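Residue strings, one per chain:
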Amino acid sequence: MEHWITEIMNQFGYIGIFLLIAIENLFPPIPSEVILTFGGFMTTQSNLSIIGVIIASTIGSIVGAVILYWIGVLLDVKRLEAIIVKYGRILRLTNKDIHKADAWFTKYGSWAVFVCRFVPLIRSLISIPAGSIRMNFATFISLTTLGSLIWNAVLIYVGAAVGASWGDIVGYMDVYSNIVYAALALIFALCVFLFMKKRFLKSKAD
């Protein structure tokens, strides 16, 4: 995949970077780390500029995030409730759980949208719940732009700084990603445990 990504960027320059980052938001397994660090390296070997690569990649991030936001709008709370009515018993979820999650995201969603821009995989998917609760679109765009701009700029500058060794940065980012995923898995497991414990105690009290 890395060879395919670098070939597109070599051939199409800014347009290739824009398209790859937009697709990466919609299809997270495509590694933005490769696109951005190689994009930084390209600024030392071609007529591409660091600012130009940052702008192209950030616009791509925004476009991909907006598409996912509107997918989230289609999966609003009412549709989720319909899914829960049909499959809630299997998933051990109720509409009350959906409303709790909705209330949490309404309260903390702005921070989540910004912070998750620095978390691989989640940085793309966070746009869907933002759309499902209909987060103010201007706020969503502002936070997405700021978070994406920081993430993109850092990796592009690092890629430019290390030059031909940009591939080493991708390796370090893989380690970073694995650490983040492990932490998220632990947090998720803890939340599930506490949720199930609360359910058990409630059913026992009844």
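Bear in mind the structure is a predicted one, so any value in this text is a computation, not a measurement.

### With respect to the overall build of the protein chain
Looking only at helices and strands, one finds 9 helices and 0 strands in the protein chain. Counting only residues that meet the buried cut, the protein chain has 41% of its 206 residues in that class. The contacts of the protein chain with a sequence gap of at least 6 include a subset with a gap of at least 24, amounting to 77%. Accessible surface, the protein chain as shown: approximately 11,700 Å² in total, 72% of it carbon and sulfur.

### Some points on the packing of aromatic side chains
Under the definition given, this model contains 7 aromatic pairs. Considering the side-chain rings of Tyr 69 and Trp 70, the 5.4 Å spacing of their centres and the 85° angle between planes classify their relative orientation as edge-to-face. Residue classification places Tyr 69 among the buried positions, given a relative accessible area of 4%. A centroid spacing of 5.9 Å and a plane angle of 40° characterise the contact between Trp 70 and Phe 137, whose relative ring orientation is tilted. Here Phe 137 lies in helix α8 (residues 137-162) and Trp 70 lies in helix α3 (residues 50-74), a separation of 67 residues in the sequence. Looking at Phe 137, the relative accessible area reads 33%, which means it is partly exposed. Counting every residue linked through ring pairs, the aromatic cluster contains Tyr 69, Trp 70, Phe 137 and Phe 140.

### A word on the environment of Gly 13
Mapped onto the elements of the fold, Gly 13 is located in helix α1 (residues 2-26). Relative accessible area serves as the criterion here: at 12%, Gly 13 is assigned to the buried category. With 33 residues separating them in the primary sequence, Gly 13 and Ser 46 have C-alpha atoms 9.3 Å apart. Setting aside residues up to four positions removed in sequence, Gly 13 forms contacts with Ile 8 and Leu 48.

### Some thoughts on the confidence of the model for the protein chain
On average, the protein chain scores 76 in pLDDT, and the residues at 70 or more come to 62%. Of all the helices and strands in the protein chain, helix α9 (residues 166-205) carries the lowest mean pLDDT, 60, while α3 carries the highest, 91.

### Some words on the packing of α3 against α8
Relative to each other, α3 and α8 sit at 140°, their axes nearing to 8 Å. It follows from the interaxial angle that α3 and α8 lie oblique. Note that α3 runs across α8; the crossing there is right-handed. On the side of α3, the interface is formed by Ile 50, Ile 51, Val 53, Ile 54, Ser 57, Thr 58, Ser 61, Ile 62, Ala 65, Val 66, Tyr 69 and Trp 70, while α8 contributes Phe 137, Phe 140, Ile 141, Thr 144, Thr 145, Ser 148, Leu 149, Asn 152, Ala 153, Ile 156, Tyr 157 and Ala 160. Taken together, the residues of the contact of α3 with α8 break down into 17 nonpolar, 7 polar and no charged.

About the cut-offs
Residues numbered from 1 in each chain as written. Predicted model: local features only at pLDDT ≥ 70, side-chain atom pairs only at ≥ 80, totals over all residues. Heavy atoms only, no water. Helix = DSSP H or I, 4+ residues; strand = E, 2+ residues; numbered from the N terminus. Buried < 20%, exposed > 50% of the residue type's maximum accessible area, 1.4 Å probe, protein only. Contact = heavy atoms within 4.5 Å. Areas by Shrake-Rupley, 256 points an atom, 1.4 Å probe, with all protein chains shown as cover. Phe/Tyr/Trp six-rings, centres within 6.5 Å; stacked < 30°, edge-to-face > 60°. pLDDT = per-residue confidence, 0-100. Axes fitted to C-alpha atoms, helices over the stretch in contact; angles between N-to-C directions. Parallel < 35°, antiparallel > 145°, perpendicular 65-115°, else oblique. Left-handed = near helix turned anticlockwise from the far one by under 90°. Nonpolar A, V, L, I, M, F, W, Y, C, P; charged D, E, K, R; others polar.

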